[in-house]
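# Fold and geometry: a report
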Amino acid sequence: MSAGGKGGGGPRPRTSGNQPAASGTKPAPGRTGGAGRNRPGGKPAAPASAREVALDILVRVEQQGAYSNLLLGSSLQKADLSREDTGLATELVYGTLSRMITLDYVLSSFVSKGMAKLEPWVRSLLRLSLYQIMYLDRVPSHAAVNEAVNISKRRGHQGISGMVNGVLRSVLRAGELPVLPEGLSREERISILHSHPLWMVQRWSAEYGPDTAEAMCAANNEPPAVSVRVNTTMISREAMLAELLEAGLDAAESKVSPAGLVIRGGGNLALTSWYRDGYLSVQDESSMLVAEVVAPEAGMKVLDCCAAPGGKSAHMGELMKDEGSILANDLHEHKAGLIAEQAARLGLECITTASGDALELGAALQPESYDRILLDAPCSGLGVIRRKPDLKWRKQPEDIASVAALQLELLQSVSGLLKPGGVLVYSTCTTEQAENSRVVAAFLELNPGFAQVSFKSAVWERLEGTALAAGDGIQLLPHHYGSDGFYIARLERLL
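The structure reproduced in this document is the subject of the present report. Here the structure is a predicted model, which is why all the values come from computation and not from measurement. (Residues numbered from 1 in each chain as written. Predicted model: local features only at pLDDT ≥ 70, side-chain atom pairs only at ≥ 80, totals over all residues. Heavy atoms only, no water.)

### Examining unusual backbone geometry
- A cis amide bond links Leu 177 to the next residue, Pro 178, at an omega of 0°.
- Considering the arrangement of structural elements, one finds Pro 178 in the loop between helix H7 (158-174) and helix H8 (186-194).
- The omega angle of the peptide bond from Ala 308 to Pro 309 is 5°, so this bond is cis rather than trans.
- Position of Pro 309 among the secondary structure elements: in the loop between strand E5 (301-304) and helix H14 (311-319).
- Here the phi dihedral of Ala 295 falls at roughly 55°; this positive angle occurs in a residue that is not glycine.
- Tracing the backbone through its elements, the reader meets Ala 295 in the loop between helix H13 (285-294) and E5.
- A relative accessible area of 29% places Ala 295 in the partly exposed class. (Helix = DSSP H or I, 4+ residues; strand = E, 2+ residues; numbered from the N terminus. Buried < 20%, exposed > 50% of the residue type's maximum accessible area, 1.4 Å probe, protein only.)

### Considering the side chain of Ser 124
- Along the chain, the position of Ser 124 falls in helix H5 (residues 120-135).
- Ser 124 sits in the buried class, given a relative accessible area of 2%.
- What Ser 124 contacts, discounting residues up to four positions off in sequence, is Leu 55, Leu 58, Val 59 and Glu 62. (Contact = heavy atoms within 4.5 Å.)

### What to know about the state of the cysteines
- Throughout the structure, instances matching the rule amount to 0 disulfides.
- Unpaired in terms of disulfides, Cys 350 finds its nearest cysteine sulfur in Cys 305, a separation of 16 Å.
- With relative accessibility at 5%, the residue Cys 350 sits in the buried group.
- Cysteine Cys 429 shares no disulfide, and the gap to the nearest cysteine sulfur, in Cys 379, comes to 3.5 Å.
- Cys 429 sits in the buried class, given a relative accessible area of 9%. (Disulfide = S-S within 2.5 Å.)

### A word on the side chain of Ser 427
- Along the chain, Ser 427 falls in strand E9 (residues 418-428).
- Judged by its relative accessible area of 0%, Ser 427 falls in the buried class.
- Only 2.6 Å separates the side chain of Ser 427 from the side chain of Asp 376, close enough to count as a polar contact.
- Dropping the residues within four chain positions of it, Ser 427 is found in contact with Val 290, Leu 374, Leu 375, Asp 376, Ala 377, Phe 486, Tyr 487 and Ile 488. (Polar contact = N/O pair within 3.5 Å; in protein donor to acceptor, adjacent residues only side chain to side chain.)

### Focus on the packing of aromatic side chains
- One pass over the structure, following the stated rule, counts 3 aromatic pairs.
- Look at Tyr 426 and Tyr 487: their rings are 6.4 Å apart centre to centre, the planes differ by 70°, and that puts the pair in the edge-to-face class. Taken together, the positions of Tyr 426 in strand E9 and Tyr 487 in strand E13 (residues 486-493) put the pair 61 residues apart, joining distant regions of the chain. Assigned by exposure class, Tyr 426 and Tyr 487 land together as buried.
- Taking NZ or CZ as reference, Arg 345 lies 3.7 Å from the ring centre of Tyr 275, over its face.
- Above the plane of the ring of Tyr 67 lies Arg 394, whose end atom (NZ or CZ) is 4.2 Å from the centre. (Phe/Tyr/Trp six-rings, centres within 6.5 Å; stacked < 30°, edge-to-face > 60°. Lys NZ or Arg CZ within 6 Å of the ring centre and 35° of its normal.)

### Let's talk about the environment of Gly 383
- Relative to the elements of secondary structure, Gly 383 occurs in the loop between strand E8 (370-376) and helix H17 (391-394).
- With 41 residues separating them along the chain, Gly 383 and Gln 342 place their C-alpha atoms 24 Å apart.
- Excluding residues that lie within four positions of it along the chain, Gly 383 makes contacts with Cys 429, Thr 430, Thr 431, Asp 484 and Gly 485.

### Thoughts on the pattern of salt bridges
- Here the structure, examined in full by the defined rule, presents 18 salt bridges.
- A salt bridge links Arg 127 to Asp 104; its shortest N-O distance comes to 2.8 Å. Placement of the pair is Arg 127 in helix H5 and Asp 104 in helix H4 (residues 100-107), with a sequence separation of 23 residues.
- Linking Lys 419 and Asp 371 is a salt bridge whose minimum nitrogen-to-oxygen distance equals 3.2 Å. Here Lys 419 is found in strand E9, whereas its partner Asp 371 is found in strand E8, with 48 residues between them in sequence.
- A relative accessible area of 17% places Asp 371 in the buried class.
- Taken together, the shared-partner salt bridges connect Glu 62, Asp 104, Arg 123 and Arg 127 into one network. (Salt bridge = Lys/Arg side-chain N within 4 Å of Asp/Glu carboxyl O.)

### Describing the sheet that holds strand E4 (residues 280-282)
- With antiparallel pairing, the 4 strands of this open sheet are ordered in space as E2-E3-E1-E4. With partners counted over all chains shown, the strands left at the sheet margins are strand E2 (250-253) and E4, one partner each. Strand after strand, the sheet turns through a mean of 30° between neighbouring axes, direction not considered.
- Sheet analysis places strand E1 (residues 226-230) next to E4, joined by 3 bridges and oriented antiparallel. The residue of E4 that forms the bridge with Val 230 is Leu 280.
- Its contacts with the sheet put H13 on E1 and strand E3 (260-264), and the angle it makes with E1 is roughly 25°. (Pairing = 2+ DSSP bridges. Axes fitted to C-alpha atoms, helices over the stretch in contact; angles between N-to-C directions.)

### Thoughts on H4
- The complete set of buried residues in H4 reads Met 100, Thr 102, Leu 103, Val 106 and Leu 107. Taken end-on, H4 shows its buried residues confined to a sector of 165°, consistent with a single buried face. (Arc of directions from axis to C-beta.)

### Comments concerning the pairing of strand E7 (residues 351-355)
- When strand E6 (residues 325-330) meets E7, the two strands line up parallel, connected through 5 bridges. Looking across to E7, one finds that Ile 326 is bridged to Ile 351.
- Handedness of the crossover is the feature at issue here: the chain leaves E6, passes through helix H15 (residues 333-345), returns alongside E7, and the resulting connection is right-handed. (Right-handed = clockwise from strand over helix to strand, strands pointing away.)

Written out as structure tokens, the structure is:
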């Protein structure tokens, strides 16, 4: 198995559920809506609505295995929706995917022939319509039902539209949902109420206790905050915050990272001049901790083994004041190119890129030649479910065991590149101790020349009482700060 990509993927946008009531019913004035569709006879079709865009995405995710975050971005570009409808379509896609088990559990009581026998687009239409009824307060229920009926009339026949209308109106008459039967286990109730696979809930309950498991599941269904890392080689965090506030954005300092700012309702910060000119980078707060734990100093020689998309490499370059050298490696050549683009945008000349299998770095590079090594390892990605809800339905328990074996092999492979007295940081964006503390424990048992570094650090002092001490590392869970679930361990090579 090759190594280089990471399991969780990059951040995704997400709006809150409080969309304007009329959103999704018609395009904004002056906008052309979806292009390229024609009715029979050559007449242009009506512009795609937010609900129709979301419906098409949900069908493709379920039927073709498409990735929701990638498909959403391309679909929204083609649809050319208003800002409000873009927000609604985004919420419908991620919210429906997040709540799949709950939605199907409720609908199963009202669909007489069963959800599995419905056409895929009808099944997805019922799901996204029920999501609006159950979770979006500012979308009136009657509007959600009417839109669903109109879509089913355009895409199907009278029998389908009648069934959709009947199911959704029966839901409205049913009152508080879901209604759970007696006799369910705690884990079964959590699985249905918070829409996570039962095996996942059982795993987290065994690892952290049922209360924490439920808190994790609930947090995974919340919209993620937008956080940015300030490029302190160009501007201080205080000055950057002042600029954002002056521009009318709702911004505040991160409680997790001294380099971070949290922004609410600011749209896509990657489209701003602050991003373009290198003053900030979009990055999750938990992810920002990794470079801080590496603690590279000016003039050091640093290796980032699995570096794409490059945020941690860039952060280390900023901490080093662009003095020294960082080799940022990734398995895929095009991703190494993206890292180089990030470095150029941020004005960092200390970063060079390489493309290759991280398992081969130990043989390709000079032994004992690096002061710091970061292995941000490929993982199951279960710490970033909030950003990529379809991960819940793609992963299986056996995936965790498989990737843990790769992680240990990677640690063994790159550890020989570290100088005596140097520091190796191992990190993942997952909550699974099979991939985290147990991998590190196995590595330390095999390598008596390495030792854990004490928790007595600025990072631990900031997080103590919230984050968990997990074996030889720190474990952040998604409900701790509303950030990604992350594990970080700092290992030192003894003299």
